Structures are given as structure tokens and as C-alpha cells.
Amino acid sequence: MKTFVLKVNGQTHTLEADADTPLLYVLRNQLQLNGPKYGCGMQQCGACMVLINGVAQASCMMPVSSVDTSSITTIEGLETKKGKMHAVQEAFVIEQAAQCGFCLNGMVISAVALLQEIPSPDDEQIRIALDRSLCRCGSHARILRAVKRAAKI
Amino acid sequence: MKSSRRIFLKSAGLLTIGFCAGIPNSAKSASVFNELPESLKRHPNINAWLEVLANGNVRVFTGKMELGQGIRTAIAQVAAEELDMNINQVEIVLADTARTPDEGYTAGSGSMEQSAMAVRYAAAAAREKLLQLASAKMNLSPAGLSMSNGTVQSRDGKRKMSFSDILNGRQVTDKVDANVNLKSKANYQLVGKAIPRDDISQMTNGRYEYVHDLRFPGMVHARVVRPPSYGASLESVDENYVRTKADLIKIVREGSFVGVIANEEYAAMQAQQALRWSCKWSADPFRGSTESIPAYLEQLPASSEKVHEQGRIAAQSFQHSAKYFKPYIMHGSIGPSCAVALFKDGNLHLWTHSQGVFPLREAVSRMVGIDEEKIRITGVPGSGCYGHNGADDVAAEAALLAISFPGVHVRLQWTREDEHLWEPYGSAMIMQVSANMQNGLITEWVYSVRSDNHSTRPGGKANNLLPSRYLDRGFDAPAGGYSGGAYRNSQPYYRIPNQQVYAHLFRGPLRVSALRSLGAYGNIFAIESFMDELAAASKQDPYLFRLNHLEDPRAVEVVKKLRELVPKAETIRGEGIGIAFSRYKNSAAYCAVAAQVAVDEKTRKVKVKKMWAVIDAGEVINLDGVINQTEGGMIQAASWTLMEQVQFSGNKVTSDGWGSYPIMRFSDVPEVYVEVIPQPEQEVLGAGEAAQGPAGAAIANAVYRASGIRMRDLPLNKNF
């Protein structure tokens, strides 16, 4: 066990963990941030995405020791302090872009990162940005519409 | 067509009578509404379905589960509608053996047909009772009262009582009468509209709670290690090695069931890895391989039954014949199955995303030898399941682990590999069809489907739970499951005077169970591909050819509507549009689908560019719910049709993750468009499984239009 200081959603947390523990489990079990989901543990499905210094990355294989100097944002941290939704969240709600919603964490996080980089992406750019994230319900068409809408909010 | 004509349809393995064509709405409504939903007949009391809370709001109990279909919103709409409440005043409790009615499984697109309709009647009955009680208390005639937002008031608005004041701490316990007055559909404010689901906003901020997210004080984490193949048994475990590798609480072992429990989840994962290395398993005989699978399945012994016969087949030979193949496919939930279990003071409590908490309780009770009264199972949503995945199995395994470590909550998370390798797959199917035609119409049709069963849900049977096979408690190998699923939609919904339909059922090499639409996807793929082949052979337009064989006006309407929607010109070389139609179970929702594909001239790789669906799901409860299910149904079926096939070799499945079992990603997802034909005066028909069959066939038919190549074996892009 080692002590780590993590900066998550603007707050600093001091915690004990095995240095190899993937960030996902630290977020979920020690910080009670259940937004990022376990989907495959192999960076193949995107359910566990978080923003590391603004970049959307899978957290399921990323050792906690590699992110202790980074700024981490989870889906819970996208709202403003006053509880106002991020444009991407708002657009997903308006478009009702989910069925079971288990993949939504990865979709929302990827979309936030995309729009930071490309404020008005075209269809192809959105598809590329979301390609790492799997959805099984077939909500893709709605998710694409939601990201396009978010770009206009 | 005669208005009284009845067509007899095979549905759910039982002979039922479906009405079609020309029956006046009023007569139809009467026949529908004098018959209470089965769920309500089993739980006839109003307070089984709803109760009034102290603040005047209403709590509704459904025995069904939220699987991503939006059941909470749809049921709240129905309850709020009958009680003239704001939808936010209605809360929904999902399936829980301690709280809700037993509604069996959340399956077969029955959530709206059963649960929502039961709630409609119960809410209408509650309304009558509340008005009656208020009338006595206010000393006014019921006609002089109105209801809104949880209160009953006099017409002049001067006197007002909330539901909770009226009941004064009691609940409405009367039985629901079949003749209860339902609200006039003309006055609907909520039902039929696209009311947004409020759970989606919680999903977008990470606060929606899945079973995977449950956290209890002192909760411990578990993982299980499984045999390298279905038939292997555990010979030895080097427990000391595991203990040196991880900080664990205990190793649980019984027979070939072996798992680890640790305080930290990561420690449980490390222990699982070490355990994998330290288990020795017996050898397991050869079963077959993906490459040899159609031939292997053809030679398996099968029990045969005649599913349907009409007229007489006189021909000795057929002008047209074809054979189609659908491989084993996966449910492929994005979140591997998970459960939490607590065994304390002799009582067992499970939290699960099972589709049927009551039948699971019965099966678990038998497996662990604890009376059902001492077991509570609480449904908590999971990742979408699309049928019987690992949900029941992981709950049963969590129960075993918790019983071995009483007093604390034990959380068992399956790995991606657990889910991919051990979920019960949708069965492989071989469909063969032959036909003769005269004057452009089909005169004779012989169809056979060869398949394994399509449901081995626990249904109270312990041996259908995966872990039971690992235990030394005398549970036999699972018995054959529900065979009717194999021939779901095996009978064409077309006017063909002489028909025979056969089913040949084998016991295949892989674990199988219910996957969304059961055999309907494979059967409709075959029937609708063959219809397209017959249209092409007789040089007929594929829409007109189908319309010439359809007599149900609602079927005709969806096909005609699709024809209006879909562009006619197919001008781009290498591209084509194909269509298909079916009525799910031949008794539920009508759906016609068109697909536009591009076929690479050199490689023949198929890309689906756009899909259209027209659906008639009877009375619509939530319009966006029907659209969402249909969009998703088409996209999921496009993935099945193009890419999916469970791979196995020798004695084991080799599709152990998304790398070896890829599903469609954003770069390949087609544009989708859905049009709903509302039928407010008709019965509610579930919409969750209507699109898959026609979607698959429409894609194959589009490939033919684009390239002249008739693809009869799924998946279409198997070589890529």
C-alpha cells in the first residue's frame, strides 16, 4: 500500500492503494464515483472513460500511480458547482440518447473531450471520437444527434 | 375478406386465436378490455399494484424490470393518466420478491402488454374507489367531484381532499373489477406521447444506480474462476500459492465451484488471477468448431415436430429451394453481470439485474437448500441484457459465496471473459425452405428450422443456474429448454394456401438460451430472404410481391408506408435497397424495414448506410420508447447480421472478449429512421423485438440488389 494524492473533479484526495490498482477501482470504491463503469478491463469498450488533463482515456488499466500528478475529471464532475449541466449532458437528455445507459459515461466523456478540441465537429469527426466506446442497445443514432446538438448549445 | 375471418397462429408454443381484418373498433375494444391482463388476474388487489403515500403521491409496483426499455416512465404515464396526476407524483418500484407482484420474466416484449395494462386497470379501480370514499366524506355525489394532481375536489373548487386524507392511512385493497371504467382515450394527456425518461438525466451525470454501483458498509468483493471448457471439472487447487499473491479473506470451494473473497476489489482480481494459475482441471472431450458448425449441427440427432400444416402439398419437387444459416450469437451486454448477496441470521438477500426475481428465487432456493420464504431478491437495473445473459448465474454464485461468508454483503462482479465465455448464447439455426408458384403467387411452401432450444431460463430449476453444474449436489445437466422459441415466426404471415412447417430440435455444443426475439430473427431472415428470391425469380417488385400475399390490413399498411418513405432510385453503382416485413410472433407488433447498403466490388464487404422502419405496435404508451426500441433493434440486428458469430474450437469457446467477438462501432453504424403508426384503439403490443428479424433480412436483400449476390449464411461479413 502506498499513499497517493489525487486531484479529482477539482478536489484533492489523499488515499491508500496498491500502486498497481487501476484508477477505475480507486474512483469507484474509494471515492464513491460510480460514473465510470467496468466494461471489459482491456480498454476495448470505453465504459470506464475519464478525462485526464482534458483527454478522454480509459481508466480500467491505468495504474493509480501514473495519475497522481494529473487533473482527473469524471462524469460526476462535469456539472458546474451550482449544478448546471454541461452542454453535452443537456443534449443527451434532450435527445433521450440512451436505453440502458451503461455506456453513457464513455459517450459523454468522449464527447466533452471532442468538443473541447473541435467545437463544431462534422459527422465523421464525431464517429471517430466515439469509436472507442461500445453501445449494445443501438442508441448510436441518438448519441450522434446529441453530440451535434451539444455543439450548438 | 370476411370480417369474421379468424386466423390461427402459433404463438409461444401454444395455439392462440388472433383476430385480424375488418373488425370494428368498438367490438375489438370490448373483446380486449373485458379480458384482464394475466398479471392482474394473478394479483387482483389494487394495493398489490399501487399505494398512496403520506404526501399524497402514488407508488406503483411492477413485477417487471428496467432493462433499458424505459419501463418506469411508461408505467408512470399509465398510472398518472388514470389518476389525473402529474407524472412526477408517481414513483415506481421495480421487481422485488418482498414488495411487488410476481410477473414472471421481463421478456417477450411483455412489459407494456402485461404490467402497464395491469397498472392501468388497478389505477382506474383506485380512482373509482377514491372518488367513492371522497364522495362519502364530503357528502357530495361522485359526479360532483373531480380529480387532479393527487386531490379530489368539488366542482366549485371550494372543497378539496388529498388522496392521503381520503384514505387516512389505509390503502385501497379491493379487487380490480374487469368492468372498471377506464379513462376515455380521447382525454389522454400523457399516454401516447413522447414523455422524456427522467432516468436518462441521472445516466448523464453518473448518478443512476446500477446493481454494479451498490455499496454497503463492510461490503467485500468476490471473483470466481471457471473451468477452461464446459465439461472440465476441478481436480486440485494450490491455495497456498493464491494466498501468497493477494491479500484475501478466503477461498471458497465446493466441487468445481471456486471463488475468492477479499476486502478490496483489486485484491480479489489479483487473487482471481493467481487462482487461475493454481487450478488443475480435468480433460474435456471434443465438441466441434466454428468452421465445421453448419455441417456438425446437420448431423446431430434431432427430435422433429410438425409446427403447422395448412392445405395439402401435392408437389413432388419444388421450383425454388434455399437453405439459410444463423450462427450462435451473443447477448453481449456492455456491463458484465454483477450481483450483491447478504446471508445473515439464516436469511438470504440478493440484489440482481435478473429478468425474473421470482423464478430466480425458486431456483436459488433449490440450489442452496434455503426455503423461499427466507430468500428475498431485489431487482436493480443492470446493463441492457437483450435476453437471458449471466444475470441469474452471477446472483446464484454470489449466493453461494455469501452463504460461505455470512454477515456481510458480498459483491460478485463477472469479468468480461466470464460473460463472453459463459453466457447462454442465442442458438444457431439452419432454415430450409421450398416453394412453388403459379401466376406470380406462392401456392406451396415447405419450411423447416433446425435449432437448439431458445430458453433455458432458471424458471425455478436449479440446474439451469450455471454454478449448479459445478457443485457436488446432484444437479443434473440442464434439461432441454423452451423449444417453441426455435419456431417463433417460422410460419409465414402471408396467404399461402398449402403450407407445412417443421422444427427439428437438437442439443448443440454450446450453452444457449433466450436472446432477443428468440428464433424469430433467424426464421424471418430466412422467410424474408426467400420472399425476395421468389420476387426476383418471378420478376416482381418486392413490395408488391409481399402486398399480393398479405391480407391483414395493418400488415398492408406498414409495407405501403415503408414504400412511401424509402427512395426508389438505386442509381449508385454497388449500392442497393432491400426490404422485409414481419409481424412479431405473428401476433404482436408489425414492422417493415428497408436497408440501404454498399457492397465493395472487390472484397464484397457490406456496409449498411441507412435503415428505415415502419412499426405498428398497437396502442402506444410512450412514443419515443417505441422509436428508441426500433432504432436500437435495427442497429443491433445490423451488427448481428454483418459481424457476429460465436467462435469455438475443440472443446472451448474462443470468443473471450470484444477483440475476438467484435460488435458494430460508431464508424459502421447506419443512419436510422423510424415511423410509428399509432393505433390508439388497438391493444398494446410490445415493441422491443419487432425490428430484428426484418432488419436482418432487409440487409441481405439489399446486398442482392446492390451486387446480384444472394447471401444466405450469416454473418454477411464473416471474412472480414
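Everything here concerns the structure above.
Parameters and conventions
- Residues numbered from 1 in each chain as written.
- Chains lettered and ligands numbered in written order.
- Predicted model: local features only at pLDDT ≥ 70, side-chain atom pairs only at ≥ 80, totals over all residues.
- Heavy atoms only, no water.
- Core = buried A, V, L, I, M, F, W, Y, C linked by side-chain atoms within 4.5 Å.
- Buried < 20%, exposed > 50% of the residue type's maximum accessible area, 1.4 Å probe, protein only.
- Helix = DSSP H or I, 4+ residues; strand = E, 2+ residues; numbered from the N terminus.
- Contact = heavy atoms within 4.5 Å.
- Axes fitted to C-alpha atoms, helices over the stretch in contact; angles between N-to-C directions.
- Parallel < 35°, antiparallel > 145°, perpendicular 65-115°, else oblique.
- Left-handed = near helix turned anticlockwise from the far one by under 90°.
- Buried area = accessible area lost by both parts, 1.4 Å probe.
- Polar contact = N/O pair within 3.5 Å; in protein donor to acceptor, adjacent residues only side chain to side chain.
- Salt bridge = Lys/Arg side-chain N within 4 Å of Asp/Glu carboxyl O.
- Pairing = 2+ DSSP bridges.

Another aspect to go through is the nonpolar core. Counting 247 residues, the largest nonpolar core has B:Tyr328 and B:Trp445 as the members making the most contacts within it. Examining the composition of this core, we find that 15 residues originate from one element, helix α5 (residues 111-138) of chain B, more than from any other.

Time to look at the environment of B:Phe530. All names here are of chain B. Relative to the elements of secondary structure, Phe530 occurs in helix α14 (residues 520-537). When the C-alpha positions of Phe530 and Ala435 are compared, they lie 9.2 Å apart, and in sequence the two are 95 residues distant. Beyond its immediate sequence surroundings of up to four residues, Phe530 is in contact with His320, Ser321, Ala322, Tyr324, Val433, Ser434, Ala435 and Trp445.

Right, let's get into the packing of helix α2 (residues 87-95) of chain A against helix α5 (residues 140-152) of chain A. When two helices pack together, their arrangement is given by the angle between their axes and by how far apart the axes lie. Residues and elements named next belong to chain A. The geometry of α2 relative to α5 is characterised by a closest axis approach of 8 Å and an angle of 135° between their N-to-C directions. By the angle between their axes, α2 is oblique relative to α5. Of the two elements, α2 crosses α5, and the hand of that crossing is right-handed. Touching Ala87, Val88, Ala91, Phe92, Ile94 and Glu95 of α2 are Arg142, Ile143, Arg145, Ala146, Val147, Arg149 and Ala150, all from α5.

The next subject is the interface of chain B and chain A. Facing 58 residues of chain B, the contacting portion of chain A comprises 49 residues. Carbon and sulfur atoms supply 53% of the area that chain B and chain A bury against each other, a total of about 4,700 Å² over both sides. Taken together, the connections running from chain B to chain A amount to 36 residue pairs in polar contact (both at pLDDT 80 or more). Contributions of two or more residues to the side of chain B that touches chain A are made by α7 (199-204), β9 (220-225), α9 (265-278), β20 (409-413) and α17 (623-643) of chain B. The element contributing the most residues to the side of chain B that touches chain A is α17(B), with 10 residues.

With that settled, the discussion passes to the pattern of salt bridges. All names here are of chain B. Following the criterion strictly, the structure yields 48 salt bridges over all chains and no others. When the shortest N-O distance is used, the salt bridge between Arg127 and Asp84 registers 2.8 Å. Note that Arg127 is positioned in helix α5 and Asp84 in the loop between α4 (71-82) and β5 (90-93), a separation of 43 residues in sequence. Residue class for Arg127 comes out partly exposed when judged on its relative accessible area of 21%. Where salt bridges share partners, they join Glu528, Asp532, Glu533, Arg546, Arg705, Arg710 and Arg712 into one cluster.

This next bit is on the pairing of strand β26 (residues 606-616) of chain B. Sheet faces and side chains relate simply in a regular strand, where the side chains alternate between the two faces. Residue and element names in this part refer to chain B. Taking burial as the measure, the 11 residues of β26 include eight buried ones, the bulk of the element. Relative to β26, strand β25 (residues 590-599) runs antiparallel, the two being bridged by 10 bridges. Counterpart to Ala592 in the pairing with β26 is Val614. Between β25 and the antiparallel strand that follows it, β26, lie six residues; Arg604 among them carries a positive phi value of about 65°. Here β26 runs beside strand β29 (residues 671-676); their pairing, made up of six bridges, is parallel. Note that in β29 the partner of Lys610 across the bridge is Glu671.

Coordinates in, geometry out; function isn't part of it.
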